[in-house]
Amino acid sequence: MIKLHNTKTRRKEAFVPIDDQNVRMYVCGPTVYDRAHLGNARPVVVFDVLYRLLRHVYGEGRVTYVRNFTDVDDKINAKAAETGRDIREITDETIGWYHEDMDALGALRPDHAPRATEYIPPMVAMILDLIEKGHAYEADGHVLFDVNSYDAYGALSGRKLEDMRAGERVEVADYKRDPMDFVLWKPSSGKQPGWESPWGYGRPGWHIECSAMSLDLLGESFDIHGGGLDLQFPHHENEIAQSCCANPTGDFARYWLHNEMLQVEGKKMSKSLGNFFTVRDLLDQGVPGEVIRFVLLSTHYRSPMDWTDKKMREAEKTLRKIAELLGSDPLTKPWVDLRYATPPQEFIEALANDLNTSLALTLIGKYLKNRQEFELVGALRLLGFFPEALVQTFAEVRIQTVDNSLVSGVNIQTRGAGLKTDMNSLNDLGKRLQKIRKEAMESGNFSEMDALKSALTDAGIEVRMSKESIELIPGVSFDLAKLEALK
Ligand code: AMP
Ligand code: ZN
């Protein structure tokens, strides 16, 4: 039994699909004018886990997942004006990047990824229908949704119309009957993209695309609607108003799920605040997609989360240990055939409890510690990590042991374009640590050794010391500059 927190009712509810032969989910996708930043990746990974869980519970072919691409938007027009490039060229390129980057995070592609520009006629049809039913009106070349015609407006986000009006700071266009009325269609001129319509040459407002696409691909009632919390108002409120007024016999979406924001120093990561870095930035620095995925899942989706180097380092450590446990050929174990590994019941239950991914990762840590490979592999797969891929990613980066008596040199292999390792420096440091440790063992004073060890850790190097050996493993946050300071 899956339980999900439904924003609509503000409660955790048992999930009962409309049709268990075809469970249907819609998630709002990106506006495609630039590389996705790390915050944009959070809903992708969160809803990917939900998609995987639904497929596990209901069957692989019994879940339909739709995520759109917003490829008509003023930010895209601005980018085209700024670069002199064709809009279609920009959106095609950005969609290609998006797929590349999200694939690297291990996210399955949705069953349908429609582009807004492919849905103009259905949007026009829905707008006509809304006008006919008395929920929308034409004014000054625009078509607006009349929020006063829909009693439940504001129910999802728990806002009242009068409070929303009071919060309205921007100057309100005088053709609006109510300041909260929102645009369904607007006129285009010059180089702006546009289509012929009953209201002249123009383009759709942002919200209508999700209503039109979900109706076409999932029907007038479907199960789950997801997106970031920043979309709850006004985007999702407006989607509900449009869809429920156009299709009064349907319920539109039954369960609304919202992920909290990825933050930087307490503020939402966003393009407009400039406090962002892209998924590609991290991948290019040599951070494996699995590490990014692991960190994103370490916080429950309904809590805000901070991205820190420390989390990244810890995720990498765990994933490397998993790769090491599973060995070079993770599926060939004489005692158990890991190809048939299944996720343990307690693990499925953790995910089924409103996607408790942080508990799921704790359980993975437990299976790792107890060397329960069968459970570990089953759990990893359900969460979208694959043993073969982990071994491949982390095997390459292993560093040779610095031998106890004779430092024969450190064999360092690098992964990713950004992970630049200075072999000589690392080798020297290995020797130095070796020497200091020998002295410390004799004198019983370990302070110098501990200081060097923590300086190495700060530079992003994992230090493993055992009686026989010292291992230095530069990780994802390895910083050559900090190594220079140690010399
Ligand atoms: P956008 O392209 O801005 O419409 O965003 C695409 C998706 O990313 C939406 O579901 C947003 O809610 C989500 N999103 C944007 N910024 C963040 C953030 N900082 N943390 C989590 N999700 C975000
Ligand atoms: Zn949407």
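Quick caveat, the model's predicted, so the values are computed rather than measured.

Basis of the calculations
Residue numbers restart at each chain and count upward from 1, following the sequence in its written direction. Here chains are named by letter from A upward and ligands by number from 1 upward, in the order in which they appear as written. Whole-chain, interface and lining totals are the exception, using all residues; otherwise, since this is a predicted model, local features are given only for residues with pLDDT of at least 70 and side-chain atom pairs are given and counted only at 80 or more. Here the side-chain values reflect all heavy atoms present in the structure, with hydrogen atoms and water set aside. Helix and strand assignments follow DSSP, with helices taken as H or I runs no shorter than four residues and strands as E runs no shorter than two, numbered in order from the N terminus. Side-chain atoms alone can form a polar contact between residues adjacent in sequence; in general such a contact is a pair of N or O atoms within 3.5 Å, and within protein one must be able to donate a hydrogen while the other accepts it. Contacts are assigned to residue pairs that have any heavy atoms within 4.5 Å of one another. Coordination shells were defined by N, O and S atoms within 2.8 Å of each metal, extended to 3.2 Å for Na, K and Ca; water is absent from the atom set, which can make sites look incomplete. A four-donor site is classed as tetrahedral when every donor-metal-donor angle falls between 85 and 135 degrees; four donors are called square planar, and six octahedral, when trans pairs exceed 155 degrees and all remaining angles lie between 65 and 115, with any other arrangement labelled irregular. When a residue's accessible area, from a 1.4 Å probe over protein chains only, is under 20% of the maximum for its type it is buried; when over 50% it is exposed; and in between it is partly exposed. DSSP calls a pair of strands paired once it identifies at least 2 bridges connecting them. Helix axes are fitted to C-alpha atoms over the stretch in contact, other axes to C-alpha atoms as well, and angles between N-to-C directions run from 0 to 180 degrees. Residue ranges for the domains originate in an automatic or database domain assignment. Nearness of a residue to a molecule or strand requires only that one of the residue's heavy atoms be within 4 Å of it. Note on areas: Shrake-Rupley, 1.4 Å probe, and residue coverage restricted to the protein chains presented here. Think of it as three bins: nonpolar holds Ala, Val, Leu, Ile, Met, Phe, Trp, Tyr, Cys and Pro, charged holds Asp, Glu, Lys and Arg, and polar takes everything else, Gly as well. Confidence of the predictor at the level of single residues is given by pLDDT, which spans 0 to 100. By definition, a salt bridge exists where a carboxyl oxygen of Asp or Glu is found within 4 Å of a side-chain nitrogen of Lys or Arg. Throughout, nonpolar core names a set of buried Ala, Val, Leu, Ile, Met, Phe, Trp, Tyr and Cys residues whose side chains join them through atoms within 4.5 Å. Working definition: a ring pair exists when centres of Phe, Tyr or Trp rings (six-membered ring for Trp) sit within 6.5 Å. Plane angles under 30 degrees give stacked, over 60 give edge-to-face, the rest tilted. Criterion for a charge above a ring: Arg CZ or Lys NZ at most 6 Å from the ring centre, at most 35 degrees from the ring normal.

J.: Sorry, what's going on with the side chain of Thr70 here?
T.: Its location among the elements puts Thr70 in the loop between strand E4 (63-67) and helix H2 (74-83). Polar side-chain contacts of Thr70 include one of 3.4 Å to the side chain of Asn68. Excluding anything up to four places from it in sequence, Thr70 contacts Pro30, Thr31, Val32, Ile76, Trp206 and Glu209.

J.: Whenever I open this one, the coordination of the zinc ion (ligand 2) confuses me. Can you help?
T.: Around a metal, the perfect tetrahedron of four donors has angles of 109.5 degrees, and the perfect octahedron of six donors has angles of 90 or 180 degrees. Surrounding the zinc ion (ligand 2) are the protein donor atoms Cys28 (SG), Cys210 (SG), His235 (NE2) and Glu239 (OE), which sit 2.0 to 2.2 Å from the metal. Each of the four donor atoms bound to the zinc ion (ligand 2) contributes to angles spanning 79 to 130 degrees, and the resulting shape is irregular. When the donor residues of the zinc ion (ligand 2) are listed from N- to C-terminus, their spacing reads C-x181-C-x24-H-x3-E. Taken as a pair, Cys28 in the loop between strand E3 (23-27) and helix H1 (38-58) and His235 in helix H7 (residues 232-246) lie far apart in primary sequence, 207 residues in all. Comparing Cys28 with His235, the two get one shared label, buried.

J.: Teacher, can you tell me more about the sheet that holds strand E6 (residues 142-145) here?
T.: Strand pairing in a sheet relies on backbone hydrogen bonds. The paired strands run either parallel or antiparallel. Strand order in the open sheet made by the four strands is E5-E6-E7-E8, with antiparallel pairing throughout. Both edges of this open sheet fall to strand E5 (136-139) and strand E8 (202-204), since each of them pairs with a single strand only. Across the sheet, the mean angle separating the axes of adjacent strands is 20 degrees when strand polarity is ignored. When E5 meets E6, the two strands line up antiparallel, connected through four bridges. What sits directly across from Tyr137, in E6, is Leu144. Its contacts with the sheet place helix H4 (residues 120-132) against E5, E6, strand E7 (182-187) and E8, and it is angled at close to 120 degrees to E7.

J.: Before we go on, may I ask you to explain the domain arrangement of the protein chain in this structure?
T.: Interface size is often expressed as the accessible area that is lost when the parts come together. Considered domain by domain, the protein chain is made up of domain 1 (3-259), domain 2 (302-393) and domain 3 (399-486). Between the C-alpha centres of domain 1 and domain 3 the distance comes to 51 Å.

J.: Sorry, what's going on with the site of ligand 1 here?
T.: Looking at ligand 1, there are 18 residues lining it, with Gly39, Gly228, Asp230, Leu262 and Met269 nearest. In this structure, Asn40 approaches ligand 1 through a side-chain N or O atom, which is 3.2 Å from an oxygen atom. For ligand 1, whose unbound accessible area comes to 490 Å², protein coverage reaches 89%. Among the elements that take part in the shell around ligand 1, H1 stands out by supplying four residues, more than any other. Taken together, the residues of the shell around ligand 1 sort by class into seven nonpolar, seven polar and four charged.

J.: Looking at this structure, how should I read the sheet that holds strand E12 (residues 267-268)?
T.: Strand order in the open sheet formed by three strands is E12-E11-E13, with mixed pairing between adjacent strands. Here the strands that pair on one side only, and so sit at the sheet edges, are E12 and strand E13 (305-306). Looking at chain direction, strand E11 (residues 262-264) and E12 are connected through two bridges and run antiparallel. Note on E12: the bridge partner recorded for Val264 is Lys267.

J.: Got a minute to help me understand the confidence of the model for the protein chain in this structure?
T.: Reading predicted coordinates in detail is not appropriate for stretches of low pLDDT. Here the protein chain averages 90 in pLDDT, and 91% of its residues register 70 or above. Below a pLDDT of 50 lies the segment residues 397-420, which in the model reaches 61 contacts outside its immediate sequence neighbourhood of four places, other chains included.

J.: How should the pairing of strand E2 (residues 11-14) be read in this particular structure?
T.: Along a regular strand, successive side chains alternate from one face of the sheet to the other. Strand direction decides the pairing type here: strand E1 (residues 3-6) and E2, joined by four bridges, are antiparallel. By the bridge assignment, Lys3 is partnered in E2 with Ala14. Where E1 folds back onto E2 in an antiparallel hairpin, the turn is made up of four residues, including Arg10, whose phi is positive at roughly 60 degrees.

J.: Before we go on, may I ask you to explain the pattern of salt bridges in this structure?
T.: Where charged atoms from two side chains of opposite charge come close, those side chains can pair. Here the structure, examined in full by the defined rule, presents 30 salt bridges. Asp34 is paired through a salt bridge with Lys79; the nearest N and O atoms lie 3.9 Å apart. One end of the pair, Asp34, is in the loop between E3 and H1; the other, Lys79, is in helix H2, and 45 residues separate them in sequence. Across the pair Arg88 and Asp92 runs a salt bridge, and its minimum N-O distance is 3.3 Å.

J.: I tried to follow the environment of Asp48 on my own but got confused; where do I start?
T.: Within the element layout of this structure, Asp48 appears in helix H1. Asp48 sits in the buried class, given a relative accessible area of 1%. Along the primary structure Asp48 and Gly384 are separated by 336 residues, whereas in three dimensions their C-alpha atoms are 8.2 Å apart. Apart from residues lying up to four places away in sequence, Asp48 is in contact with Pro43, Gly106, Ala107, Leu108 and Arg293. Separated by 2.8 Å, the side chain of Asp48 and the backbone nitrogen of Leu108 make a polar contact.

J.: Would you explain the nonpolar core in this entry?
T.: Counting 78 residues, the largest nonpolar core has Leu54, Phe347 and Leu383 as the members making the most contacts within it. Ranked by residues supplied to this core, first place goes to H1 with 12 residues. Each of domain 1 (3-259) and domain 2 (302-393) contributes no fewer than three residues to this core. With near-sequence residues (within four places) excluded, Phe347 lies in contact with Ala360, Leu363, Ile364, Tyr367, Ala379, Leu382 and Leu383. Listed in part, the 42 residues of the second largest apolar core include Val66, Met164, Ala212 and Cys244.

J.: Help me out: how do you make sense of the packing of aromatic side chains in this one?
T.: Two aromatic rings are characterised by how far apart their centres lie and by the angle between their planes. A complete count under the given rule lists 11 aromatic pairs for this structure. Judged by centre distance (5.6 Å) and plane angle (85 degrees), the ring pair of Phe69 and Tyr98 falls under edge-to-face. On the criterion of sequence distance, the pair formed by Phe69 in the loop between E4 and H2 and Tyr98 in helix H3 (residues 87-104) is long-range, its members being 29 residues apart. With respect to burial, Phe69 and Tyr98 carry one shared label: buried. The ring of Tyr33 has Lys271 lying over it, and the distance from NZ or CZ to the ring centre is 5.3 Å. A cation over a ring is seen here: Arg293 above Phe385, with NZ or CZ 5.7 Å from the ring centre.

J.: Can you walk me through unusual backbone geometry in this structure?
T.: Note the cis peptide between Phe233 and Pro234, where omega equals 0 degrees. Following the sequence through the fold, Pro234 ends up in helix H7. Of note, the phi angle at Asp354 is positive, near 50 degrees, even though the residue is not glycine. With respect to the secondary-structure elements, Asp354 resides in the loop between helix H11 (345-352) and helix H12 (357-369). On the basis of relative accessibility, which here comes to 2%, the residue Asp354 falls in the buried class. Unusually for a residue other than glycine, Leu355 sits at a positive phi of about 55 degrees.

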